[in-house]
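Coordinates in review
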Amino acid sequence: MHVGFVVNPVAGMGGRVGLKGTDGKVSEAVARGAEPRAPDRAQRAVSRLAAIAPETRLSTAADPMGERPVRDAGFDPVRVVDPFDGERPDPTETTAAHTERVVEAFVAGDDPVDLVVFVGGDGTAADVAATLESVDSAVPMLGVPAGVKVYSSVFAVSPEDAATVAASFSRTERREVMDIDEDAYREGSVHPELRAIAHVPIADDLQSSKQTASGTVESLAEGVASDIRARDGEGVTFVLGPGSTVGAIKAALGFEPSPIGVDVWRDGEVVVRDGTESAILDALGAENVIVVSPIGGQGFVFGRGNPQLSPAVIRQCDVRIVASRTKLDDVRALRVDTDDPELDAELAGWVRVRVGKFETRMMKIA
């Protein structure tokens, strides 16, 4: 197997600082103190690949788009594609054009790759797919999720799962590459747009496309809001995640939720709206509770669409999961991908999910 490995180093940087994405917002993300997320996830993926399939042949992009994690994992690259013409940029200066040049080189020549593995989000997926289509290549592509938005069905569940799929897949199928308008997304409008159809390795660890939440949540929201109000005056801090289900709880508490952000409630009032990771951490008190709902169709509790709820935040909170019955009917298991494998392991296991005003259902976090 000859794998082409490319990293979008700015993917996901806007998440924890409240930007809901990084497209066109890299400078603002940096100004807010954002730190790169993709390099660590790239290292996790390629290190796992080295452990389970050390015989894999890898081509990669010059740093900061892949060479360092590949070499650190012990691979000697077949070739290193330099899309920068020798002028290595700062990671925040890399562009879609650089990704496109790398992918073109991967599939050209006498020794094309058998699979393109990219580290990024939906925007990177669209860039990779468009490039493969432009050169009329049927080489499959597989995503290591690192972006804030992961709507496309071309991603593995985690960096380690991406390595497992790359090393073991035996067939591919055509799947959708989706992306959304990030400016509209920041205003609360989610309108996924089909950008391409790509060949993707198939395994159970690949996630499906996101689906919108369905089913009534009014009674669920009423019950949870009532429980929260019962703690008003006790100094309990409630960290209320994004999404339509938790948004209904916010509305039941009597305030207009930030469109797709994290709001913090304590003692009858909102103390943080659309909070960044740092703002949420500053608002936490002696007793803290996260209320979060899994993403419909995928089952992610943490790690998709809510990077503000970082490991540092989660470790200081009790976690309460809420979901409509219909949403849970669409997922086999819940999942977490917090960027902290130890925390992911701690969160795994059977949990009680609130599905109604009083009713709960047991679900397993895989």
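Residues numbered from 1 in each chain as written. Predicted model: local features only at pLDDT ≥ 70, side-chain atom pairs only at ≥ 80, totals over all residues. Heavy atoms only, no water.

Before going further, it helps to spend a moment on the overall build of the chain. Helix and strand counts for the chain stand at 13 helices and 16 strands. By sequence separation, contacts in the chain at least 24 residues apart represent 70% of the contacts at least 6 residues apart. Just so you have it, the chain exposes about 15,000 Å², and 45% of that area is on carbon and sulfur atoms. (Helix = DSSP H or I, 4+ residues; strand = E, 2+ residues; numbered from the N terminus. Contact = heavy atoms within 4.5 Å. Areas by Shrake-Rupley, 256 points an atom, 1.4 Å probe, with all protein chains shown as cover.)

On to the environment of Gly-303, then. Relative to the assigned elements, Gly-303 resides in the loop between strand 12 (300-302) and helix 11 (311-314). Spatially, the C-alpha atoms of Gly-303 and Val-150 are 9.8 Å apart, while their sequence positions differ by 153 residues. Not counting chain neighbours up to four residues away, the residues in contact with Gly-303 comprise Arg-37 and Asp-337.

Bringing the nonpolar core into the picture now. Ranked by internal contacts, the top residues of the largest apolar core, which has 28 residues, are Ile-290, Phe-302, Leu-309, Leu-334 and Val-353. Listing elements by their share of this core, those giving two or more residues are helix 10 (277-283), strand 11 (288-292), strand 12, helix 11, helix 13 (341-347), strand 15 (349-354) and strand 16 (360-365). Sequence-distant contacts of Leu-309, that is, excluding residues within four places in its chain, are made with Val-239, Gly-241, Val-262, Ile-280, Ile-290, Val-292, Phe-302 and Ile-314. (Core = buried A, V, L, I, M, F, W, Y, C linked by side-chain atoms within 4.5 Å. Buried < 20%, exposed > 50% of the residue type's maximum accessible area, 1.4 Å probe, protein only.)

Let us now look at the sheet that holds strand 1 (residues 2-7). Across the sheet, five strands lie side by side as 3-2-1-4-5; this open sheet has parallel pairing. The open sheet has two free edges, formed respectively by strand 3 (80-81) and strand 5 (141-145), since each of these has just one partner strand. Summarising the sheet, strand 4 (residues 115-120) and strand 5 pair through five bridges and their orientation is parallel. Residue pairing in the sheet places Val-117 in a bridge with Leu-142 of strand 5. The strands touched by helix 5 (residues 122-134) are strand 4 and strand 5; relative to strand 4, the strand with the most contacts, the crossing angle is about 155 degrees. (Pairing = 2+ DSSP bridges. Axes fitted to C-alpha atoms, helices over the stretch in contact; angles between N-to-C directions.)

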